[in-house]
Amino acid sequence: ANKVMDKLVSLAKRRGFIFQSSEIYGGINSCYDYGPLGVEMKKNIKELWWKSMVYERDDIEGLDASILMHPKVWEASGHVAGFSDPLVDCKVCKTRFRADQVDLEKPCPVCGNRDSFTEIRQFNLMFKTFMGPVEDSANVVFLRPETAQGIYVNFHNVREAARKKLPFGIAQIGKAFRNEITPGNFIFRTREFEQMEMQYFVKPGEDEKWFEYWKEQRMKWYQRLGLKQEKLRFHQHAPDELAHYAKAAFDIEYEFPFGWNEIEGIHNRTDFDLSRHQEFSGKDLRYFDDQTKERFIPYIIETSVGCDRTLLTCLVDAYTEEEERVVLKLAPAIAPIKAAVLPLVKRDGMPEIAKQIVDDLRGDYRIFYDDAGSIGRRYRRMDEAGTPFCVTVDSQTLEDQTVTVRERDSMQQERVHIKEVKTYLDERLKA
Ligand code: ATP
């Protein structure tokens, strides 16, 4: 199964989706850089999420909070006390494990020695750094391990500025950092990653209804991303799996080549977060319902997904080996390049016509011009990049102003008039 992952990692590098960070220095564990295609794809995923969460609704507002926050935030949130994983080391080979991922009764899975594990220690996953020139405990700040807290502390700011009444939500996309003990599986689990989170504030008592609503909405989003239905499922957290803040939690899971794993969490966080911030900040974080004249702390339904993990999921889902080609069957909305324009040969004015078509399209789409090598080779390159359409200028174009448009998955070709190419793409690229 992990052969597929190896092939995907190498395709991702070859085509410029994802590179290892600081590669010329030998790389740095679990850090990755997005190349020309990766950055486009990631941007497309974020835009599609933002569109579905913010633009297509009138009850959600956006926010971009800072990564560094007041240290008390992390005391209130419970992260200082509780955001830790159990850690053990092998005394012989020095390999470090998450204690819940190895059987401590058995020999070390790396060196095979018996009884070689240390005691279990709790390891806090937050990255610590110092603010200002003095490196002492008074100046410790944390890199946020989730974007959610930036939303909670801005609850009243956003509510007042946007004049919102319950229920309403706040959406945010941004980096988060966790000093994971066992990062891995390419970009599935890294120490620096981007989250797309939405916190929906509701009246207590209406939380269960909204929890169900968001479960359904979020599953629909993955269908919109074009993921295979049979690879998606819900996993309900059992009582002993529930985080300290949660009354109910469901993960959306995807079946990766390395097994079923979480891609998104949907949590009923109750009034835990706002109550704690009220307690720690001493500010009144209650909401006043002007109809019932009641004052209360709202409940929060959270939807939280990693952008990088979504990108990996889309790549895995799209990766297809056919007899004569490898093709990424990405949904057009997230494909990095929307169309390639290819002159069949580099003469008879074909490159000029092709470049004119590129100029006409580039205001609206990421377009790629390619005149190097045989047409078959150029199609294959675009198949690997997941480009949904290839527009080819050939000798017939010189006679009747039509071009060939080849669709990536079916490889079907159609003749389309040059003037119609833009409309043709518009109709097919809509998300
Ligand atoms: P896990 O148990 O897999 O470490 P979690 O349950 O701690 O994840 P949440 O805190 O619910 O994850 O985070 C919400 C989402 O953020 C996850 O579903 C995932 O998509 C993403 N995410 C969390 N940690 C990482 C990470 N280290 N690397 C990449 N994405 C992550």
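Residues numbered from 1 in each chain as written. Predicted model: local features only at pLDDT ≥ 70, side-chain atom pairs only at ≥ 80, totals over all residues. Heavy atoms only, no water.

Q: What am I meant to see in the sheet that holds strand E3 (residues 60-62) here?
A: Think of a sheet as strands paired side by side through backbone hydrogen bonds, with each pair either parallel or antiparallel. Spatial strand order, E3-E9-E10-E16-E13-E12-E11: seven strands in an open sheet with mixed pairing. The open sheet has two free edges, formed respectively by E3 and strand E11 (232-236), since each of these has just one partner strand. Averaged over neighbouring strand pairs, the angle between their axes works out to 25 degrees when direction is ignored. As judged from the nine bridges shared by strand E12 (residues 248-256) and strand E13 (residues 259-270), these two strands associate in the antiparallel manner. Paired with Ile252 across the strands is Glu264, a residue of E13. (Pairing = 2+ DSSP bridges. Helix = DSSP H or I, 4+ residues; strand = E, 2+ residues; numbered from the N terminus. Axes fitted to C-alpha atoms, helices over the stretch in contact; angles between N-to-C directions.)

Q: Explain the site of the ligand to me, please; I cannot follow it from the model alone.
A: Surrounding the ligand, one finds 16 residues, the nearest of these being Glu180, Arg189, Thr190, Glu262 and Gly306. Here a nitrogen atom of the ligand sits 2.7 Å away from a polar atom, N or O, in the main chain of Thr190. A distance of 2.8 Å is found between an oxygen atom of the ligand and a backbone nitrogen or oxygen belonging to Gly306. Starting from 590 Å² of accessible surface for the ligand in isolation, the protein chains cover 84%. Judged by its atoms lying within 2 Å of the grid points, the ligand is housed in the largest pocket. Elements with a contribution of two residues or more to the shell around the ligand: strand E10 (192-202), E13 and strand E16 (299-306). The leading source of residues in the shell around the ligand is E13, at five residues. Each residue belonging to the shell around the ligand can be placed in one class, and the counts come to four nonpolar, six polar and six charged. (Near = heavy atom within 4 Å. Polar contact = N/O pair within 3.5 Å; in protein donor to acceptor, adjacent residues only side chain to side chain. Areas by Shrake-Rupley, 256 points an atom, 1.4 Å probe, with all protein chains shown as cover. 1 Å grid on protein atoms, 1.4 Å probe; cavity = no way out; pocket = protein on both sides within 12 Å on 5 of 7 lines; lining within 4 Å. Sits in = over half its atoms within 2 Å of the grid points. Nonpolar A, V, L, I, M, F, W, Y, C, P; charged D, E, K, R; others polar.)

Q: Could you clarify how one ought to interpret the environment of Ser116 in this entry?
A: Turning to its location among the elements, Ser116 is positioned in the loop between strand E5 (96-98) and strand E6 (121-124). Through-space distance from the C-alpha of Ser116 to that of Leu104 is 9.0 Å; in sequence the pair is 12 residues apart. Excluding anything up to four places from it in sequence, Ser116 contacts Asp89, Cys90, Lys91, Val92 and Cys108. (Contact = heavy atoms within 4.5 Å.)

Q: Just to check I follow, could you spell out unusual backbone geometry for this structure?
A: Most peptide bonds are trans, and most residues other than glycine sit at a negative phi. In this structure, the amide linkage connecting Leu166 to the following residue, Pro167, adopts the cis form with an omega of -5 degrees. Among the structural elements, Pro167 can be located in the loop between helix H6 (155-161) and strand E9 (168-177). For Ser30, which is not glycine, the phi torsion reads 65 degrees and is therefore positive.

Q: How should I be thinking about the nonpolar core in this particular structure?
A: Generally speaking, a soluble globular protein has its nonpolar side chains buried in company with each other. If you look at the biggest cluster of nonpolar residues, it comprises 63 residues, and the most contacted ones within it are Phe17, Met41, Trp49, Tyr222, Leu312 and Ile334. Split by domain, the residues of this core number at least three in each of domain 1 (36-82 + 127-316) and domain 3 (337-429). Excluding its chain neighbours within four sequence positions, the residues that come into contact with Trp49 are Ala171, Gln172, Ile173, Met196, Glu197, Met198, Arg218, Trp221 and Val305. If you look at the next biggest cluster of nonpolar residues, it comprises 19 residues, including Val341, Ala354, Phe389 and Leu425. (Core = buried A, V, L, I, M, F, W, Y, C linked by side-chain atoms within 4.5 Å. Buried < 20%, exposed > 50% of the residue type's maximum accessible area, 1.4 Å probe, protein only. Domains from an automatic or database assignment.)

Q: Where do I start with the sheet that holds strand E22 (residues 402-407) in this structure?
A: The five strands are arranged E20-E19-E21-E22-E23 in an open sheet whose pairing can be described as mixed. Two strands close off the open sheet at either side, each with one partner strand: strand E20 (367-369) and strand E23 (413-417). Strand-to-strand twist across the sheet, computed as the mean angle between neighbouring axes with direction ignored, equals 25 degrees. In the sheet, E22 pairs with E23 via five bridges, with the strands oriented antiparallel. The residue bridging Arg406 from the neighbouring strand is Gln413, located in E23.

Q: Teacher, can you tell me more about the layout of surface pockets here?
A: Where empty space is left becomes clear once a probe the size of a water molecule has been rolled over the atoms. There is about 1,300 Å³ of room inside the largest pocket. What lines the largest pocket is a set of 44 residues, among which Phe83, Arg178, Arg189, His237 and Glu262 lie closest to the centre. Broken down by secondary-structure element, the contributors of at least two residues to the lining of the largest pocket are helix H4 (79-82), strand E4 (84-89), E10, E12, E13, E16 and helix H9 (307-318). By residue number, the principal contributor to the lining of the largest pocket is E13, which donates six residues. Tallied by class, the residues present in the lining of the largest pocket amount to 13 nonpolar, 14 polar and 17 charged. Each of domain 1 (36-82 + 127-316) and domain 2 (84-124) gives at least three residues to the lining of the largest pocket. (Points joined across faces, edges and corners; volume = space filled by probe spheres on them.)

Q: Explanation requested: the domain arrangement of the protein chain in the structure shown.
A: Under the domain assignment, the protein chain is made up of domain 1 (36-82 + 127-316), domain 2 (84-124) and domain 3 (337-429). The centre of domain 1, based on its C-alpha atoms, is set 31 Å off from the matching centre of domain 2. Each side of the interface is counted separately: domain 1 has seven residues, and domain 2 has 10 residues. For the pair domain 1 and domain 2, the interface holds zero salt bridges. Linking domain 1 to domain 2 there are four residue pairs in polar contact (both at pLDDT 80 or more). Grouping the constituent residues of the side of domain 1 that touches domain 2 by class yields two nonpolar, four polar and one charged. (Salt bridge = Lys/Arg side-chain N within 4 Å of Asp/Glu carboxyl O.)

Q: Teacher, can you tell me more about the side chain of Arg144 here?
A: Along the chain, Arg144 turns up in the loop between strand E8 (140-142) and helix H5 (148-152). Among buried charged residues, Arg144 stands out as having no salt bridge; its nearest opposite-charge side chain is Asp64, 5.2 Å away. At 3.4 Å, the side chain of Arg144 forms a polar contact with the backbone oxygen of Ser66. At 2.7 Å, the side chain of Arg144 and the backbone oxygen of Lys175 are in polar contact. (Lys, Arg positive; Asp, Glu negative; His and termini not counted.)

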